[in-house]
Each structure stands twice: as structure tokens, then as C-alpha cells.
Amino acid sequence: MTGGLLLSHSDACEGGQSSQATGHVKLADCVDLLSGFAFKSQQFTDDPNDIALVKGENVSQGRVLWDISKRWPLVDWEKFEKFQLAVGDVVVAMDRPWVPAGLKWCFIRDHDPKALLVQRCCRLRANPSLMDQTFLRCVIGGPGFESYIKPITTGVNIPHISGRQILDYGFNLPDPPTQRKIAGILSTYDDLIENNLRRIKILEQMAQSLYREWFVHFRFPGHESARFIDSELGQIPKGWEVKKLAEIAGVNAGSIRATSAPEEIQYIDIASVSTGSIDNIEAMSFEFAPSRARRIVRHGDIIWSTVRPNRRSFSLIIDPAENLIASTGFAVLSARSVPWSYLYQATTTEDFTSYLVNHASGAAYPAVNSGIFENAVVVVPPGDLLTRFNAMAEANQVLQHKLHRHNQTLRRTRDLLLPKLLSDGEMGKP
């Protein structure tokens, strides 16, 4: 077996020093670090029964994005025993370790599938005699480690960090009983966040299923008596229409001008959107904002990344802050003659995504322009059916947004708690 780097307490510390005492330590004093294996992409599979691979692209903030995970043949599971991930393992992405959404790290949960660790990611396991594994998770997911990683990340094309740099991170390590108390407190926040994420996923699936049932499979209320006619999208119910997106929605309808811009804006950068949510909105003076901060977005707008469009590069705008501006790297879709809840579902399907991917141009940075969006064709049902759909779908989307906001609050609270609990005055308190 080749590939992989194992750095343990004994060989990562200067002089092989060992410390059984608690206090200020480095990760090298109390964890084993293993870097992943260089699995060949030619052997990747999409079979859900094969082994999931954990690589940089599906390591997110605190969790693995299993839906986009590549797979490896199941028959090789035992062969790669060294790189098998276990429940509780902490994984850090070593290429592009930080994005505007935050540090790219995760941990393996009880219900997660079998998984193997891929190169340019590292797995951390605590020395159980010194450190609680859940406490390690709190340290890696805390603001101190993220603040440490950001300035030491090097490289222009692919920013990266090394295993040695990770192991060199210093922090306060309380005694094991206190570690377990702190981990228990912070894990409560993680559990609440995870529960909200499950609810969001269920709500997403419900809205998508309703859309597909009514508007793809045409099993809408009253479909039994519907007659079908030919269209450029195939047969559709009589009374329905096929229209270009430009006929039912504006594309980049609002653009802010320097002469009439507000002094302060809330800015969404193209790197701040992932998996259908906005991970970071930055308040800044318009005077010093990037020149690409020009797209005006409003409630109900859909923002789509025009560069490398994929299933993770769009989001819906709900109850935006005043003066919310998006990068010109987004196409902003604004519903006109259909409810925004319908427009969102119609423009985030796999078919619509494939349409964008197939029309993207450019070798290094495949991109689509506003015309590609405007010329997309969608099926438009009668107004009464749209109204019935909107009555259910809009409330669903608003609830998802509230759960996302709740999670942001929980994360901020959790991140503020860790340094407080680690401070000398709080270390011994439950």
C-alpha cells in the first residue's frame, strides 16, 4: 500500500516529547494525523452501494456532503483498511481549507455510510489517554483553529495547508473530566443544528416531490380529466404553455449604480453560496466594495452562479437585509408572471442544471451568460394551479429559511462559548 502520511504524538513533536499534563498543548501532543490515499478517479463509481469517498469537494462546515460523494468499488473495502473512517473521526480539507462559508472540516456520525479518506484531506484521532475525541471535534470546529488556519494557508492556484501546520496548532487542554463537560455542552448545539438540517432536507424533498408530481409527471389535482397536446417539451396538458424564462422572469433586472448607491451594503460573494444556501453575507462600505458588487436582490429572487453552474451554486433569497447586493458572478432571476416558489423549483431541477452545464463555454472557467438563462424553456401551468402550489410551497421555503437562520445563531453561540469555557476562570465549570 502506498500513499498516506501518519503523524502521531511520538514522531510529530519536536524531540518526541510526551506530555501527560494538561495545559497549553499542540495538536501534535495528543492526536494522530493520517492523510488520505490517492484514489484514481478512473475507478470512481456512482453506485450508491459502493464505498463513499471523503475528499475536499464534499467536506463542508462540520459535515460531509454525502449527496455529491464519489464512490469506490465495495470489493476493495478491506484492502484499504488503513484509510477507513470511523464514527467520531475528524476530517480537515488540506486544499482550500477555508472558504467564505468557513473552515472545511467535518466529523463522521453514527448514521454515516462506510467511507474512505482521499488525498489532500487528513483524519484526526485523539490519544484517548489525553484527549476526548468529541472535545477534539470542538477544538477543530472552534473559531481559534479557523483563525489559525486562514493566515497560514499558502498557494495561489490551490491554497493549501500541511499536516505539520495542522499539528502545530496550540490550545488550552483541560483535564479529561472537564473536556467531557465542555464537549457535552457544545455537542448540544451540534445536535440542534443537525436536527434542523434534517428538517430542512425533509422540507426540500417535500417541495421537490410536489413539484415533480404536479408539473413533471402531470399528476396534479384534476389530472384524470386532462387532455394532452404536443409541445417542444413533449406532451403537456391542454391549457398549459411552454415559455422562455425571459417571458415569466427578469434576469439581472436590477443593477446598482455608483452614483446612487447606499453608503453601506450587505454583499453576497460568489463563493458564499453552497448547497442551496447562503453561508456568508458581508457588511461593507460601498465605496470599498468589489467592483462586482452590483446585482440588486430582493425577496423571492433566485441567484445562480454563472461560473461552473452545478447543483450547489444557487440559492433563494428570503426576507433579505436592506441593501443586499450580489456579485455580478450571479444571474439574478426575479419572478414576474409566476410565483417565486414555482420559479425556484423550475430553475433548480437536474434538467435545468444540465441545460446550464451543457451551454457553458470556456475551458478554464466554464460559464453561462444572461442570454442562456433567458432562452431556457419552462412549462407554465394555469394560474389557479400555480396559486394552489404556491400556497404550500411558499410556506415550506419560508420555514426552511427560518431553520437556516436558527442554525446560524446556534453556530455563533457555540463558537463564542468554546473560548469562554476554555478560559482559566471557566475551565473547571460544567
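Right above here is the structure, for reference.
A brief structural summary.

1. A word on the overall build of the protein chain
Here is step 1 of the chain: In terms of regular secondary structure, the protein chain is built from ten helices and 27 strands.
Here is step 2 of the chain: Compactness check: the protein chain gives a C-alpha radius of gyration of 24 Å against a globular reference of 22 Å for 430 residues, within 12% of the reference.
Here is step 3 of the chain: Seen through its C-alpha atoms, the protein chain measures out along the principal axes to roughly 75 × 55 × 45 Å.
Here is step 4 of the chain: For the protein chain, the proportion of its 430 residues judged to be buried stands at 46%.
Here is step 5 of the chain: Sequence-distant contacts, at least 24 apart, represent 75% of the contacts inside the protein chain between residues at least 6 apart.
Here is step 6 of the chain: In the structure as shown, the protein chain presents an accessible area of about 21000 Å², 50% of it carried by carbon and sulfur atoms.
Here is step 7 of the chain: One way to put it: in the protein chain the 46 positive side-chain charges average out to a point 1 Å from where the 47 negative ones average out.

2. Description of the pattern of salt bridges
Here is step 1 of the chain: With the rule as written, the count across this model stands at 14 salt bridges.
Here is step 2 of the chain: For Asp 67, the salt bridge goes to Lys 201, with nearest N and O atoms at 3.9 Å. Here Lys 201 lies in helix H5 (residues 176-216) and Asp 67 lies in the loop between strand E5 (61-62) and strand E6 (71-72), a separation of 134 residues in the sequence.
Here is step 3 of the chain: On the basis of relative accessible area, Asp 67 is assigned to the exposed category, the value being 69%.
Here is step 4 of the chain: For Lys 201, a relative accessible area of 39% corresponds to the partly exposed category.
Here is step 5 of the chain: Ionic pairing is found between Asp 415 and Arg 414, a salt bridge with its closest N-O pair at 3.4 Å.
Here is step 6 of the chain: Ionic contacts of the salt-bridge type, sharing partners, join the residues Arg 63, Arg 109, Glu 194 and Arg 198 into one network.

3. Topic: the pairing of strand E23 (residues 302-305)
Here is step 1 of the chain: Of the two faces of E23, the one carrying Ile 302 and Trp 304 and the one carrying Ile 303 and Ser 305 are both buried.
Here is step 2 of the chain: Relative to strand E24 (residues 314-316), E23 is paired through three bridges, and the arrangement is antiparallel. From the neighbouring strand, Ile 302 faces E24, where its bridge partner is Leu 316.
Here is step 3 of the chain: Sheet analysis places E23 next to strand E26 (residues 330-335), joined by four bridges and oriented antiparallel. By the bridge assignment, Ile 302 is partnered in E26 with Leu 333.

4. Here's the deal with the packing of helix H2 (residues 133-140) against H5
Here is step 1 of the chain: Running from amino to carboxyl end, H2 crosses H5 at an angle of 60 degrees, the nearest separation of the two axes being 8 Å. Relative to H5, the element H2 lies oblique. As H2 packs across H5, the resulting crossing turns out to be left-handed. Contact residues: Thr 134, Phe 135, Arg 137 and Cys 138 in H2; Gln 179, Ile 182, Ala 183, Leu 186, Ser 187 and Asp 190 in H5.
Here is step 2 of the chain: Split into classes, the residues belonging to the contact of H2 with H5 amount to five nonpolar, three polar and two charged.

5. Notes on the sheet that holds E23
Here is step 1 of the chain: Read across the sheet, four strands follow the order E17-E26-E23-E24 without closing on themselves; strand pairing throughout is antiparallel. The open sheet has two edge strands with one neighbour each: strand E17 (249-251) and E24. Neighbouring strand axes in the sheet, compared pairwise and without regard to direction, differ in orientation by 20 degrees on average.

6. A short note on H2
Here is step 1 of the chain: Among the eight residues in H2, six count as buried, and that is most of the element.
Here is step 2 of the chain: Taken as a whole, H2 has its buried residues at Phe 135, Leu 136, Arg 137, Cys 138, Val 139 and Ile 140.
Here is step 3 of the chain: For H2, the N-terminal cap is Asp 132; the gap from its side-chain oxygen to the backbone nitrogen of Thr 134 is 3.0 Å.

7. Examining the environment of Gly 88
Here is step 1 of the chain: Tracing the backbone shows Gly 88 in the loop between E6 and strand E7 (90-93).
Here is step 2 of the chain: Spatially, the C-alpha atoms of Gly 88 and Arg 199 are 23 Å apart, while their sequence positions differ by 111 residues.

8. Section: the pairing of strand E12 (residues 121-126)
Here is step 1 of the chain: With five of six residues buried, E12 lies mostly within the body of the structure.
Here is step 2 of the chain: Bridge analysis of strand E3 (residues 31-35) against E12 gives five bridges, and the strand direction is antiparallel. Within E12, the position partnered with Leu 33 by the bridge is Leu 124.
Here is step 3 of the chain: As paired strands, E7 and E12 are joined by four bridges and run antiparallel to one another. Bridging across to E12, Ala 93 finds its partner in Cys 121.

Cut-offs and rules
Residues numbered from 1 in each chain as written. Predicted model: local features only at pLDDT ≥ 70, side-chain atom pairs only at ≥ 80, totals over all residues. Heavy atoms only, no water. Helix = DSSP H or I, 4+ residues; strand = E, 2+ residues; numbered from the N terminus. Rg over C-alpha atoms; globule rule 2.2 N^0.38 Å. Buried < 20%, exposed > 50% of the residue type's maximum accessible area, 1.4 Å probe, protein only. Contact = heavy atoms within 4.5 Å. Areas by Shrake-Rupley, 256 points an atom, 1.4 Å probe, with all protein chains shown as cover. Lys, Arg positive; Asp, Glu negative; His and termini not counted. Charge placed at Lys NZ, Arg CZ, Asp CG, Glu CD. Salt bridge = Lys/Arg side-chain N within 4 Å of Asp/Glu carboxyl O. Pairing = 2+ DSSP bridges. Axes fitted to C-alpha atoms, helices over the stretch in contact; angles between N-to-C directions. Parallel < 35°, antiparallel > 145°, perpendicular 65-115°, else oblique. Left-handed = near helix turned anticlockwise from the far one by under 90°. Nonpolar A, V, L, I, M, F, W, Y, C, P; charged D, E, K, R; others polar. Polar contact = N/O pair within 3.5 Å; in protein donor to acceptor, adjacent residues only side chain to side chain.

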